[in-house]
Structure formats: structure tokens, C-alpha cells
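Residue-level structure breakdown
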4 protein chains.
Amino acid sequence: MQNFQPIINDIVNETKRQKDKGKVASYIPELSNIDPNKFGICILDTNGIEYSAGDSNEQFSIQSISKVMSLSMAFSMIGEGLWKRVGVEPSGDPFNHLSLLEMENGIPRNPLINAGAIVISDILISNLKNPKSDFLKYVQGIANDSSISYDEKVAASEKRTGFRNYAAAYLIKSFGNLKNDVETVLDFYFHACSIRMSCKQLVKVFYIFMNRGNCLQNDNYLKLPQVKRINAIMLTCGFYDEAGEFAFEVGLPGKSGVGGGIVALLPNKFCVSTWSPGLNRKGNSKLGMLALEKLTTDTGLSIF
Amino acid sequence: MQNFQPIINDIVNETKRQKDKGKVASYIPELSNIDPNKFGICILDTNGIEYSAGDSNEQFSIQSISKVMSLSMAFSMIGEGLWKRVGVEPSGDPFNHLSLLEMENGIPRNPLINAGAIVISDILISNLKNPKSDFLKYVQGIANDSSISYDEKVAASEKRTGFRNYAAAYLIKSFGNLKNDVETVLDFYFHACSIRMSCKQLVKVFYIFMNRGNCLQNDNYLKLPQVKRINAIMLTCGFYDEAGEFAFEVGLPGKSGVGGGIVALLPNKFCVSTWSPGLNRKGNSKLGMLALEKLTTDTGLSIF
Amino acid sequence: MQNFQPIINDIVNETKRQKDKGKVASYIPELSNIDPNKFGICILDTNGIEYSAGDSNEQFSIQSISKVMSLSMAFSMIGEGLWKRVGVEPSGDPFNHLSLLEMENGIPRNPLINAGAIVISDILISNLKNPKSDFLKYVQGIANDSSISYDEKVAASEKRTGFRNYAAAYLIKSFGNLKNDVETVLDFYFHACSIRMSCKQLVKVFYIFMNRGNCLQNDNYLKLPQVKRINAIMLTCGFYDEAGEFAFEVGLPGKSGVGGGIVALLPNKFCVSTWSPGLNRKGNSKLGMLALEKLTTDTGLSIF
Amino acid sequence: MQNFQPIINDIVNETKRQKDKGKVASYIPELSNIDPNKFGICILDTNGIEYSAGDSNEQFSIQSISKVMSLSMAFSMIGEGLWKRVGVEPSGDPFNHLSLLEMENGIPRNPLINAGAIVISDILISNLKNPKSDFLKYVQGIANDSSISYDEKVAASEKRTGFRNYAAAYLIKSFGNLKNDVETVLDFYFHACSIRMSCKQLVKVFYIFMNRGNCLQNDNYLKLPQVKRINAIMLTCGFYDEAGEFAFEVGLPGKSGVGGGIVALLPNKFCVSTWSPGLNRKGNSKLGMLALEKLTTDTGLSIF
């Protein structure tokens, strides 16, 4: 594998030159108070060599990136039966996510949109003894890092303002596609989104999707076909309404969160994470997107 | 005014001959247990003369018919400001009522769909000291009949199963168009829907819309322009996705409920109510629709 | 009947005081060149007495008002079978008229939206020997006025720019709900819309809907139930996405056109037309709407 | 590279055992008359070694597969400006493709749905001297095979019945996103879809997307970033509403057509085409999908 340090140093320099750093998410105080000048990046290659620059040790709220981890845990527990409860197609439509649910009888289009992750949360609750602590242990285990934790303040804020998620959950419930009650499911969901990690921790978790299901310590978490499926879903559905654009510009499976984190990977090669809190119009980290475009353009590394 | 007794006797006979009486609502036990052979009809003319036949004294769950009464009370209390919170256009689209909310930024299309009545409930809660008892007294007052009451069992059942209404309420809340919390608003809404009345009681309440805002005891409840507006809304929006069909076949402003009740009126002439629990495909009482069609066809009385 | 002259004089004075006269339709030169200060009004009562003021003798392009006349002719020719080809429900959704067609398998929601009038045109073509001249004679006959004519320039302009109507027609055709070819159907449709009439001529044509199907010369054109149905459709569907608003503010069945004309009626009482080329945001004549609101408010005449 | 012959022999045997071969497209006679038992497969690896089995020499109507070729030609001619006229996001919504156009002001979601390919056709017409013959020569050139030709009968049949494509084209035209007239654009579009090729010819054409823009004869047709972008679009949008499913099950960029053809590729490794006329519920070749699933599962070759 190549030495990624020069390119990520370049990227950090380029992001510093950018005047428009996007707009920090403002719907809860815990997110809106973040310094918009933060930028971190970390690459972990298949041999376990780590390259990093900027604020790569600072933890941030991973938000929707957690959807890949809950999908991973649920998929490894119940297998293919999962696809009876949630689809694998891109959501396509930028707005109207509730109307899509209505048209499709309460089966969310895919597990990486809010509605889909709510169903995945319901599956985990039905299959775990202590859902919230079991899930956190699962994530800590993959990263081999017990400092990863929920942010109770963020979870509480999301709960107070997450009316749209309540609407989605009740709509799914009206179609019979939630087995547990809405409050329990959303409590889990909001906690999962509140997990804090740094860029360095994120690449360790996503190492399993790059490395055929095995983490750095070589424990197996997913079968190879499962890994491929999760990667396919990340590629087609991982960036809200910008999934096509990301596949087009970057060409790697990945996932973003409104906390400003992005993580992406090239199977059997490397895993990369970025963090910059300012978002573009579509809700993805502005500088993170630029960084990943530059990375794949300059190195020529992409799945295509 | 003419003698309506012969025509309503005819109607009762004709409904008895009908083999297909529609399908009784089954989503809560309190509605599904009703005898599908029940049929009542009552006409109250502008002079206060009452004509009735069949099970016109038996109380049933008025359900969505209550939406006209809560609209009436809210409109009389806050006036034209009400139309900033809810529209006056037919909903048009048979399904996707939530997606319409999304496209229109949380302003329900009209006050007679569930989403609209939820907003009206919110307005009443903000303006009444004891919302549930004040609203019941308002209805009892118009009818001059203190035997009208909530059905607590029905309200509780609706609450247990009304996930779609929860979804609508949270979606409206997400747009900032609910001031009170969702539980309080829906508790009021489910109670209003649970009110029990007979055909004879219903025509007394709707007498105010036929008689320029004045009830039988001659107390004034609404100004004339307000009455006209409520009648216009009933005509264009009173029958779910069958509003156009009802205006077309019957030609009277009115409102139906899934409990099998229908009430309609010809301004300055008469008010009519029917009750038959079996519903057609669109959720309106099957025999009630037939009865009103026959009434207006045989008498030639309609607003057109 | 009352003397309407004072009220219509008042209305003309009030419209003169209005500074914002709306925006003249600009998509074809023939419409955009009209003087925005024109205003005409005419009332014809059930006894045949005519009251008029302003530019009530000047002919203008009636545009969508023609949809009521083609509906009337088709309905009188093929009767109830017409409702298999077109619905009677308000379109509700302000935009997406094509998507509604898709969801409803090519059956337009009602005969007064473009898609519905295109189907009505197809029906007339299938049932008339010389469709365009027969239809014009029908309109001339009702008004007893052979000076009513097509405006060939307007029809040609509409054809050159009417891509959206072509899209609707081909979509309907794809569902099998057009029997004739698209070019023929749209040629008829664009001609019907291009008819020129004055306010005075318009009330004579719509007299049949006010007078139980009989024109001023007492010839019968429609059966009473047919008249009632057309009036019901005008009330619920006659004003694009402002139908509910119009029923709510004015309370009369009617129809508007982008040429700035509006015609409305109170059954068995009177028929009224206005013309003012400036349109409001919803595509209805701004001053015409004001005039009709004032008329019904000041006289207290409405169907509600 | 590995020897693909054994696996494709296995695949042919397995397809022979399948009883349900899907449903042959029936909307035009030229497609409906094809023998449903036909099955061909061909693999061309990066070294130019060809493996084939079954009816791999028989030509069939490539239909929507042509959309990738017209995209390729237009992209190489006008570059990034192309993305102002058409998007790169999956269409998501299974039905309502016209309503999506309406919401997005006439910019089709991506170049591989009909609406998008119609815009691409318009671009080619504006940029080619003899659009139809120049495009055919372009395809023949890549494949180094002048026997590739249009099927005039198929083109004529599509024209006679393609009302939905007319609707889409006129809708796009109404938004100003077609520069040429609809008849000219659709004549080109229907011809492109009518191209006939065999499995062996198809892999030669798609070799350029697998081989960094260079064909077997080593002529360059596209720059590397352009190839990557087209591959990304094929992966996210190449299989109608089954794109997510295909990425998920097969994990290769590709494109299908209603004629029963599918072509897919693993960058820098191989290109594969299948042909079996029976379609699944989503409009993709049933046995072709099975074949490609088996190929990637058994070989472990995929982009993920």
C-alpha cells in the first residue's frame, strides 16, 4: 500500500484555504456550538497502518453514521430476514420521505434513511437483552476502545425536538412494521445517533467493512456476502439525496452524519474518515466531501 | 315547508330492501360490534318540525362529524385568524394525506380532514379553560340536551390504535403548527370523535348551520358569514375523497363519520341526519348515502 | 328579483380604486397585449333582465370557461357514460396534475381541469360530424348569437406553446383514455379555448345552468339533474386550486379562465360574468374575484 | 485473469433448469415474438480473451442498453456541461416518473431513465451533423463491427405506441429542456433503442467502460474520470427500480433493456453480457439477473 501522509497533509492545507466551510447544524444546541473551523482526517489501510492529520483525535457526534453500525449488528443477528422489514433501494426523492412510506406500506426504502434505521432499532430491541448497553459494547468491541460512549445530552435534545422522527415511527407503527412501542424504539434510536467518536475511532469501526468482516484484532463480525451487501447499500444510499453525486464524484461506499463526520472505504485497500462540522445544502459535510473528492482524484483510487 | 314523513318512510323501506349494507368499521371493538341492520333518519325543518323513522333515537359514535362542531367553536372564538393555521381546499388526493402536509409546510388542507381537526383541537385547547368539558357543554348547549356525552371506551380504543393520527400530529408539530403537546391534543381529539348522539340530537346541533347561526332555542352561535363558510367547507370537504361525488349526487353541505352517521342541510330549509353503520369503499355510510340521494332526487331539493 | 344596477355600479367604482390589478397572462402574445385596465360586468336575472357596467360588450378569450360548455354538450350527448372517462373530484393538489393522472390510470380527476377537458374533447370528436363547427353552433345557439367565433390566432399560438397539454394528452393516450389521435383532439381543445365572447354573451350561455337547462329563448339543452351535476362540479372544481376558496368567499358555482373572464350563477336567481385581464397568483382574475365577493357579501345571495 | 468458461457453462446449465423464465415484453410485436428459451452469455476479459455459451451470437434489440452509449457519446462531446441538463441521482420512486420531472423543473433525475435519455438524444441531435448515422457509426466503431444496425421495424413500432415517451418529451419541452422538436428527438431516441447486437458485440462496446475508455483496438473514447462517472451512474441507476437490488445482489455497474439483454463490468477485470428475453416484475431479464448473481457469488468478483 502507498503512503497516504502527503496527500492528507495536502488535503488539510486545501481545506484551510476554503472560505466557505458550510453551515453547522443548528437544530440542537449540542451541535450548533461546535467550532466550524475544526477539521480532522484519518486513513487506516488494510495492513493496519494509520495516517492522520488535523483534529483527528477529537470526538464528535456521529449521528447517522451509527445507522451502518446498527444495520451491521442487526444483519449479523437475524440475517436475510431483515430485508422483509426494510428495502435496499435509494430513496430518490429528496423530500416526502413520509409519503414514500405511505406508498410502500410502511416498509422504508432502505436502512440508512431515518425511517429505515428506526425499523433496524426495533429489530435490535427485540433481539437484545439490554439493547442500549449491548449495542454500545458491540461498537466498542469492534474498535477495541471502551472510551466510545453515548452523549446523553445529545440524545435528550434529539428526543425533545425529533417530531419528524416520531411522525415516521408512528406511521411505520400504523402499518405494523414496529413491534416495540414508539418511545422505546426512538429512545434507542436517539442514543445510537448520539454516539461520540473521533476520526481515528471511526476508521477502526469501519475497518470491518473494508476487511471482509474482520476487525483489526482479527475477530469476525460479518460474513463476506454481508459485508458486500452493506457496502452496496452505503454506496447507493449513504449520502441522503446526494448518494448519486457521491458515487459519481468520489466512487466509494460511505456514510455521512449531520455532526459533520464522513467515513468511506475502498474494499481490501483502506478506510478513511473526515470531520468538519459545516454542512452543504444536502446535509453532508462540505469540506469532508471536498477532501474525499480530492483523495480519490489525486490517488486514482475508487471502486470504478 | 313540506311534510317529509312520506319520503322518509319510503327511504326506510328502500334501505330494508338493500342486501349490501356496506362494511362496519372494524379497527376498534366498540365500532365493530354494532348491528349492521340499524338504520335511523331524522329531518328537522326550519320551523322546528321534526320527522323521523327507524332507529332515530339510538345513540352512536359520531366520529368525524364532531370535526364540524370543533371547527364551529374554534371559528366563533378566534375568527378569521383560524385560516392561518388550516386551509379551505379539498384534499383531492385519496391517499398520501401526510405527504400533502409535507408539501404544504404543516398547514392541513382543510379543517375536516384528520390533520386539520387536530390543528383545530390545538386551537381549542389553547383557548379553553377546561377543554374537554367546555367543548362538551358547547355541544350540549346547542342541542339543549345534557344527555350528550363522551364515550370513554371509544376514546381509549382510538388512543391505543391511532398511530396514523399520532404520525400526523407529530408531523404538524415538526412544522411548528401545534402549540400544545401531542398527547394533550390527541386526547382532546379522540374524545371529540367519541361523542355519542342520536339522529334526533344531531339535527338539533346542525340546525345552527341551517338557521343562520341560531339554534332551536334561538341562541346565536355563529355570525351569518361564518355559517356560510362552514357550509361551503362541508360541501367541498365533508366526505373524504367522496366530497365531489356527494356534491354531485346529493348537492347539500354535510359531514359523515366512520360510525355510520351522516348529517346534511339545505340552508333555511331543513337539516337531515342518517345512521347506518355499514360503510362504502370510501368510508361513508352506504345506506346513508343512498338515503340522501333519494331524498334530494325525489324532493328536488338541493343547493344547485 | 331585485335591481342589481346600483351594486354593479358600486363594484365598477371599487375596481377602479384598486391599484393592484393582477398580472395579465403572458404565455401567448394574443393574451399579453390586452389592456389591464379593462373591466366589465354583466348580470342576467331569471326573468331575462340584464344589468351591465364597464366593458361588458367587449369580447375576450374565454379560455377555460369553454370547458363548461364542452362538458355540457358531451353530457347531453352521451349521458352518464361520461363519468367512466372522467371523475368528479376536486384535483386538490396544486401542482403535479400529471402525477395524479398516473396514479389514477389516465382518468382525469374532473372535467374542468385541462386533462379532463381533453378527454371531453375526445368524446365530442367521436360523436360529432364536424366537431369544431358543430360545437361553435351549439354555443351560438344557446346564446342566440352567431357573432360568437373562434380566434384562429389564439388557437394557433396555444398549439405552438402548449407542450404541457401535449404531455397530458399523450399520457392519457398511453392509458387508452383517448380514442382519437392527439393532434386532432388538441386542435379541437385549443379552438374551444380560443372562443371570444363578451360578458353579455357569457351570461346568456350560462343562463341554461341557472335556469334548469333552458336558454332565454326557452329551448331545452340539459335535463334538470344534469344541470345540478354541472353546477356541483363548477362549485367544487371551477377555480383551479382556488375552488375551495371561491366556494368559501363567494359561495356560487362558476368558472374562470386565464383570459380574465369569470362566470358564476345562483340557481333560479341570476347569472353573473366579469372580465378583468389581470390574474392573481392562482390564475383567476383578481378584480373579478373581488367583484364577486362584494356582490355576494353585499346582497347576501349565495347557495349557502 | 481466470478462465471463465467453466462458470459460464454452469450458468447455462442452471438457466436451462429454471422453469419460470419470466415474461417476454409484449407491447410491440417485434419483441413479443421472441422465443423465451433463448439464452446467451459472453465474457470478455481485460486481455481481450472471450468466453461464451448459448445463443451468444444471436442479435437482439438492446433497447435501454443504448442509453449508456448515447450518454457516452454526448459526454465525450460536451463534457461536464451535460450535468446542467440531467441529474445523477437514482430515480427512487418506482412509478411517477413524470411527477418527478414536474417537481424538478424538467431536469430528469439521471441519464439512464427514459426522460434522461430523451434529453441526451436532444444533446446529440444539436451536436451531430447526421445524428442517426453518426451515432450508429460511433457504436460500430467501438465494436469494430459494421454489422451493427438499427431495426427500422422496431423503431417504427415504438413510435406508434410510445405515448408515454411522447408525454415525457413534451413535459421536458414545456420546461425548456429540449432544444429540438419532439418528433425529431423521439425519432432519434426510438432508433437508438432499436439497435440490434449480440452478446458478443455488446461486451466489445462496453469494453471501453471496463478498460479506462479504450476499446479493444486501443482507440480512446472517454477520459478516465468520465469512465468512472458513467460506471457510477450505471451502478446507481442502471436497473430501473431494481438498481439497489442489483448493486446489492451482483455488485457490478451495468445496464439492462426490455429486450432481455444485460451488460455489466468489473473495472480493469472483465465485461459480461447476458440475453434471455423473459423479464421479471421490474422489467429486468429474469435469467440474466440470476446468471450475474451466480457469476459474482461463485467467483467472488465484485466492486465491493
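To start, this report covers the structure provided alongside it. (Residues numbered from 1 in each chain as written. Chains lettered and ligands numbered in written order. Predicted model: local features only at pLDDT ≥ 70, side-chain atom pairs only at ≥ 80, totals over all residues. Heavy atoms only, no water.)

Some thoughts on the overall build of chain A
Looking only at helices and strands, chain A features 13 helices and nine strands. For 304 residues, the compact-globule formula gives about 19 Å, and the C-alpha radius of gyration of chain A, at 18 Å, lands near that figure. In terms of principal-axis extent, the alpha carbons of chain A reach across some 55 × 40 × 35 Å. Of all 304 residues assigned to chain A, the portion counted as buried reaches 66%. Considering only contacts in chain A between residues 6 or more positions apart, those separated by 24 or more positions represent 69%. (Helix = DSSP H or I, 4+ residues; strand = E, 2+ residues; numbered from the N terminus. Rg over C-alpha atoms; globule rule 2.2 N^0.38 Å. Buried < 20%, exposed > 50% of the residue type's maximum accessible area, 1.4 Å probe, protein only. Contact = heavy atoms within 4.5 Å.)

Side note on the sheet that holds strand E3 (residues 50-54) of chain A
Residue and element names in this part refer to chain A. If you trace the five strands from one edge of the open sheet to the other, you get E3-E2-E8-E7-E6, paired in antiparallel fashion. Looking at strand neighbours, the two that pair on one side only are E3 and strand E6 (254-256), the edges of this open sheet. The mean inter-strand angle of the sheet, taken between neighbouring strand axes irrespective of direction, is 5 degrees. Here strand E2 (residues 40-45) pairs with E3 via five bridges, running antiparallel. Residue pairing in the sheet places Cys-42 in a bridge with Ser-52 of E3. (Pairing = 2+ DSSP bridges. Axes fitted to C-alpha atoms, helices over the stretch in contact; angles between N-to-C directions.)

Focus: the sheet that holds strand E7 (residues 261-266) of chain D
Residues and elements named next belong to chain D. Spatially, five strands are ordered E3-E2-E8-E7-E6 in an open sheet, and the strand pairing comes out antiparallel. With partners counted over all chains shown, the strands left at the sheet margins are strand E3 (50-54) and strand E6 (254-256), one partner each. Here the average twist between neighbouring strands, direction ignored, is 5 degrees. Of the strands in this sheet, strand E2 (40-45) and E3 are in contact with helix H1 (residues 5-17), which crosses E3 at around 20 degrees.

Quick notes on the relation of the copies chain D and chain A
When chain D is fitted onto chain A, the two copies agree to an RMSD of 0.0 Å after a turn of 180 degrees and an axial shift of 0.0 Å. Between the two chains, the operation in question is that of a two-fold axis. Interface overlap between copies: 100% of the residues of chain D at the interface are likewise at the interface in chain A, consistent with a symmetric, same-surface contact. (Least-squares fit on C-alpha atoms with pLDDT ≥ 70 in both.)

A word on the interface of chain D and chain A
The figure often quoted for interface size is the accessible area lost as the parts come together. The partner chain A presents 35 residues to the 35 residues of chain D that form the contact. For the interface between chain D and chain A, the tally reads two salt bridges. Put simply, Arg-229 of chain D and Glu-249 of chain A hold a salt bridge, and the shortest N to O gap is 2.8 Å. If you list the elements that add at least two residues to the side of chain D that touches chain A, you get helix H4 (97-103), helix H11 (224-237) and helix H12 (243-249) of chain D. With seven residues, the top contributor of residues to the side of chain D that touches chain A is H11 of chain D. The residue makeup of the side of chain D that touches chain A, split by class, is 18 nonpolar, seven polar and ten charged. (Salt bridge = Lys/Arg side-chain N within 4 Å of Asp/Glu carboxyl O. Nonpolar A, V, L, I, M, F, W, Y, C, P; charged D, E, K, R; others polar.)

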